[in-house]
Amino acid sequence: MPTTVAQGDLAEVLRLYDELVTETRKEDGCINYELLQRTDNPCELVLAEEWESQEHLDAHTHTEHFVRLVAALDKLETAAPAQIFTKVL
């Protein structure tokens, strides 16, 4: 689900996500971790991630960088609840 950011906070949000994406891609079990920005509304972002297992995803949510950066992002964005999908093919 998309995250919405105020125009005045966009630069700071992108800085925080840059660190989150960079650090997360180093984690064991991370297959893919990307921040996508809507082309017609740059203040709308989506984080797309793929993990080897639910256990890897769970471990990710307890890392220092995740806890710290998500707390900072929560103050600057309006996010819909996370949705988790499983590969079927």
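No experiment lies behind these values; they were computed from the predicted model shown.

Rules used throughout
- Residues numbered from 1 in each chain as written.
- Predicted model: local features only at pLDDT ≥ 70, side-chain atom pairs only at ≥ 80, totals over all residues.
- Heavy atoms only, no water.
- UniProt positions renumbered as here; feature names shortened; annotations may be inferred.
- Helix = DSSP H or I, 4+ residues; strand = E, 2+ residues; numbered from the N terminus.
- Core = buried A, V, L, I, M, F, W, Y, C linked by side-chain atoms within 4.5 Å.
- Buried < 20%, exposed > 50% of the residue type's maximum accessible area, 1.4 Å probe, protein only.
- Contact = heavy atoms within 4.5 Å.
- Arc of directions from axis to C-beta.

Engineer: When you look at the UniProt feature "domain: ABM" (unreviewed entry) in the protein in this model, what are you seeing that I'm missing?
Structural biologist: Here, the residues flagged by UniProt with the feature "domain: ABM" (unreviewed entry) are residues 1–85. For residues 1–85, the end-to-end C-alpha separation is 12 Å, with 39% helix and 26% strand making up the annotated structure.

Engineer: Would you mind going over the nonpolar core with me for this structure?
Structural biologist: Note on soluble globular proteins: their nonpolar side chains tend to be buried together. With 16 residues, the main nonpolar core has Val13, Tyr17, Leu20, Tyr33 and Leu73 as its most contacted residues. Among the elements of the structure, helix 1 (10–24), strand 2 (30–37), strand 3 (44–51) and helix 3 (64–74) are those that each provide at least two residues to this core. In terms of residues, this core owes the most to one element, helix 1, which gives six residues. Look past the residues within four positions of Val13 in its chain and what remains in contact with it is Val5, Leu45, Leu73, Leu76 and Glu77.

Engineer: How should helix 3 be read in this particular structure?
Structural biologist: Residues lying three or four places apart along an α-helix face the same way, a consequence of the helix completing one turn every 3.6 residues. If you check which residues of helix 3 are buried, you get His65, Phe66, Leu69 and Leu73. For helix 3, the buried positions fall inside an angular range of 90° around the axis, keeping them on one side. When the buried face of helix 3 is taken as reference, the exposed residues oriented beyond 90 degrees from it are Glu64 and Asp74. Considering only its buried residues, helix 3 is in contact with helix 1, helix 2 (54–60) and strand 4 (77–79).

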